[in-house]
Amino acid sequence: MKFVQIIDYRTERPDGMNELMDKWVEQTKGKRTATHSVVGKDRSDASHYVEIVEFPSHEEAVKNSHLPETDRIFQEMVALCDGMPSFTDLDVVRDEQLNTATARRFFHEIATGGNLGAIDEVFASDYRDHDVFKEEETVIGSDALRRDVTAWRAAFDFTFNLESQIAQGDDVVTRWAWYGTHQGAFMGIQPTGRKCTMTGTTTFRFHDGVIQEAWWHYDVLGLMRQLGAV
């Protein structure tokens, strides 16, 4: 079971604390078991900080605490704090990646399901699109995305299978497989009725809870071969 430790502390020396955390990351490289760390500052009290450290399990957290580097860093951390930090140990019973869920809305609800009205909920109005299939390096605007989805849905009856998703910072990377039947004109190719498959990867960058930018990489040449165009 995933495990999280919350460290609550006060300090008047945040720069020193940041340098200390950088030191710990460097010294424990290849040995630490912590997988993710977030530090937050209290908006109503500038000296109050909370750090959330994530581990694969409680057992891995114990291993991490027994590292000599961790013990040394902890002693230095206490010296930078106003008083003793407090620790709260939590077993994770639910872990919802909100950005990954929003990314899935595009593939399932918008692209496959045809709910184009949801585009304004999921994408920024000045959304920036980078697509290997387009001549323009960057296309701006959610309306351009709406036109793209409409064109693909007119040309193919398709579904997506999401193979995997990785979330890091503001980015969500989705590896997908696409399955379609050619039922309408596509790039000048009249309907063939052929069943096609294609794989690809999409990186969505989020800002304020909506998709601000995307990079699309997929097997265009393979699709054109299946349609008989190559």
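Coordinates for the structure precede this section.
Anyway, here's the lowdown on the structure attached to this text. None of these values were measured; they are calculated from a predicted model.

### Quick notes on helix α1 (residues 14–27)
Here comes step 1: Helix length check: α1, at 14 residues, gives a terminal C-alpha distance of 20 Å against a target of 20 Å (1.5 Å per residue), a fit within 8%.
Here comes step 2: Every buried residue of α1 is listed here: Met17, Leu20, Met21 and Trp24. Within α1, the buried residues cover an arc of 100° as seen down the axis, which keeps them to one side. Exposed residues lying more than 90 degrees from the buried face of α1 are Asp15, Glu19, Asp22 and Glu26.
Here comes step 3: Of the surrounding elements, those touching the buried residues of α1 are β1 (3–10), β3 (48–55), α2 (58–65) and α3 (68–80).

### Looking at the sheet that holds strand β4 (residues 86–91)
Here comes step 1: The strand order across the open sheet built from 4 strands is β2-β3-β1-β4, with neighbouring strands paired in antiparallel fashion. Lying at the two open borders of the sheet, with one neighbouring strand each, are β2 (36–41) and β4. Taken pair by pair, the neighbouring strands of this sheet meet at an average axis angle of 15°, ignoring direction.

### Digging into the packing of helix α4 (residues 98–112) against helix α6 (residues 142–155)
Here comes step 1: One can describe the packing of α4 onto α6 by two numbers: an axis separation of 10 Å at closest approach and a directional angle of 65°. It follows that α4 is roughly perpendicular to α6 by the angle criterion. In this structure, α4 uses Phe106, Ile110, Ala111 and Thr112 to contact α6, whose residues at the interface are Leu145, Val149 and Arg153.
Here comes step 2: Among the residues making up the contact of α4 with α6, the classes are represented as 5 nonpolar, 1 polar and 1 charged.

### A look at the environment of Lys2
Here comes step 1: Summarising the element assignment, Lys2 is placed in the segment before β1.
Here comes step 2: Counting along the chain gives 92 residues from Lys2 to Arg94, while the straight-line C-alpha distance between them is 9.4 Å.
Here comes step 3: The residues contacting Lys2, other than those within four sequence positions of it, are Glu54, Phe55, Pro56, Leu90, Asp91, Val92 and Asp95.

Definitions and limits used
Residues numbered from 1 in each chain as written. Predicted model: local features only at pLDDT ≥ 70, side-chain atom pairs only at ≥ 80, totals over all residues. Heavy atoms only, no water. Helix = DSSP H or I, 4+ residues; strand = E, 2+ residues; numbered from the N terminus. Expected span 1.5 Å × (residues − 1). Buried < 20%, exposed > 50% of the residue type's maximum accessible area, 1.4 Å probe, protein only. Arc of directions from axis to C-beta. Contact = heavy atoms within 4.5 Å. Pairing = 2+ DSSP bridges. Axes fitted to C-alpha atoms, helices over the stretch in contact; angles between N-to-C directions. Parallel < 35°, antiparallel > 145°, perpendicular 65-115°, else oblique. Nonpolar A, V, L, I, M, F, W, Y, C, P; charged D, E, K, R; others polar.

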